[in-house]
Structure formats: C-alpha cells, structure tokens
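# Observations on chain architecture
Here is what each chain is made of, one letter per residue.
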Amino acid sequence: DGWGGEVTFSMHDVAVPFSVCAYTNYYFNKIQWQGTSGKWKPVNVASAFYAGCDVSASATLFSCVTIDARWEYLYNRLLAPGATYGKMIMYTPDNVGSLSVQYNAPAVSIFVEAQYRGKRYTDNSNLFFLKPYVLINASLSVYAGKYVTPYVQVDNMLNTSYEAVPDYPMPGISLEAGIRAKW
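Summary of the structure given here. Since the structure is predicted, the reported quantities are computational estimates derived from the model, not experimental observations.

Overall, the coordinates contain eight aromatic pairs when judged by the stated rule. When the ring of Tyr26 is compared with that of Phe28, the centres are 4.9 Å apart and the planes differ by 80°; the resulting orientation is edge-to-face. On the basis of relative accessibility, which here comes to 16%, the residue Tyr26 falls in the buried class. Pairing Tyr27 with Tyr50 gives two aromatic rings, centres 5.8 Å apart and planes at 90°, and the pair type is edge-to-face. Of this pair, Tyr27 sits in strand E2 (residues 18-36) while Tyr50 is found in strand E3 (residues 39-61), placing the two residues 23 residues apart along the sequence.

Quick look at the structure:
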C-alpha cells in the first residue's frame, strides 16, 4: 500500500533536448528482499519514503554523433519507529548516472558509455555499505552489407572491482565478439 506522484518537464525543440522529472513515493508496508547468511528472504521494512529527481539530456552533433546524459538523485528514508528511523533503505543508491557517446556512420557504429552507481547500504541500520563505482563499456559494429554486422563489445573496460550485492563480485573486464545476421 502506498501513494506516489511525479511531475515531468520536457523541452524537445531546443539545441539540447532535456527532461526533468521530480517524483515521490510513500509505502506503508514496504517489503524488500534481504540477504542473510547466503539466503534471501522478504522482510517488511514498514514505512518508507522516496523523493527523487531524474534529469536527462540528449544532443546530436553533425547528424552522426549523439551524446546522452542521465542523472538520478534519490532521497530515501525508512519511517518506522525504532533504530532504523531516518536511515537509507538498503540496496538503494543515492545517485545513479550515465553518459554515452554514439557515432553512427553508414559503415560503422561506435558506442561508449560510462555508468555511475552511488553508495548503497547493505542493511537498514546503515552500518555497512557497498562502495560507489564507475563502469565504462564500449562497442564497435561494422556494417558489412545488408545482412551481416560483425561487432566487438568490451564491458567494464577499467576492470573495476565491484559488487551489486554483498559477497557477489561482478565480472571484471570482458570481451565479446560476434556476427549479427538477418535475412
């Protein structure tokens, strides 16, 4: 049970189209999955409040380069009386952002993206947290005719060591190469 709302303002016919969204949510009985001793179980964290702002902008330069930027700030707090009152909700980052650049030409497409994920607490008492991290990913596609597209994709180019949830390390740098075909 809960309520929420959002207000969005967008500008499309300007040099740099952008959108700003402010939102809020309140939950009376928020259920959240929590990992304990290697087992995940649902936990009622009681009342929770979220208020955030999401900003995005995109621009195309020279008809072949697109720059896209997104940022979200989220204020979130537990409201149940007790030791966790006013604490951040576990696994919920305070800031998330991305910046990408894409080059599209008739024969090739290059995409580079940086992603940021802010601090996330691993418990509702806010004693332990996962460190913020930045990932950089890139891909290259070559259009070899109408039906065949060889590609190369590199994820986590900086070989960043990070965890999405505690005790579950995510992959380091990875390379994928292949051919997409359609007919």
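Once the structure has been displayed, the description carries forward.
Turning next to the side chain of Thr122. Looking at the element boundaries, Thr122 is found in the loop between strand E7 (120-121) and strand E8 (129-130). With sequence-adjacent residues up to four places away left out, Thr122 is seen in contact with Met90, Tyr91, Phe128, Phe129, Leu130 and Pro166.

What follows is about the environment of Ser100. Following the sequence through the fold, Ser100 ends up in strand E5 (residues 95-104). Owing to a relative accessible area of 9%, Ser100 belongs among the buried residues under this scheme. Considering only alpha carbons, one finds Ser100 and Ala69, 31 residues apart in sequence, at a separation of 6.5 Å. Setting aside chain neighbours within four positions, we find Ser100 in contact with Thr66, Ile67, Asp68, Phe111, Val112 and Glu113.

It is worth spelling out the pattern of salt bridges at this point. Considering all chains together, one arrives at one salt bridge under this definition. Arg70 is paired through a salt bridge with Asp68; the nearest N and O atoms lie 3.0 Å apart.

Rules of the game
- Residues numbered from 1 in each chain as written.
- Predicted model: local features only at pLDDT ≥ 70, side-chain atom pairs only at ≥ 80, totals over all residues.
- Heavy atoms only, no water.
- Phe/Tyr/Trp six-rings, centres within 6.5 Å; stacked < 30°, edge-to-face > 60°.
- Buried < 20%, exposed > 50% of the residue type's maximum accessible area, 1.4 Å probe, protein only.
- Helix = DSSP H or I, 4+ residues; strand = E, 2+ residues; numbered from the N terminus.
- Contact = heavy atoms within 4.5 Å.
- Salt bridge = Lys/Arg side-chain N within 4 Å of Asp/Glu carboxyl O.

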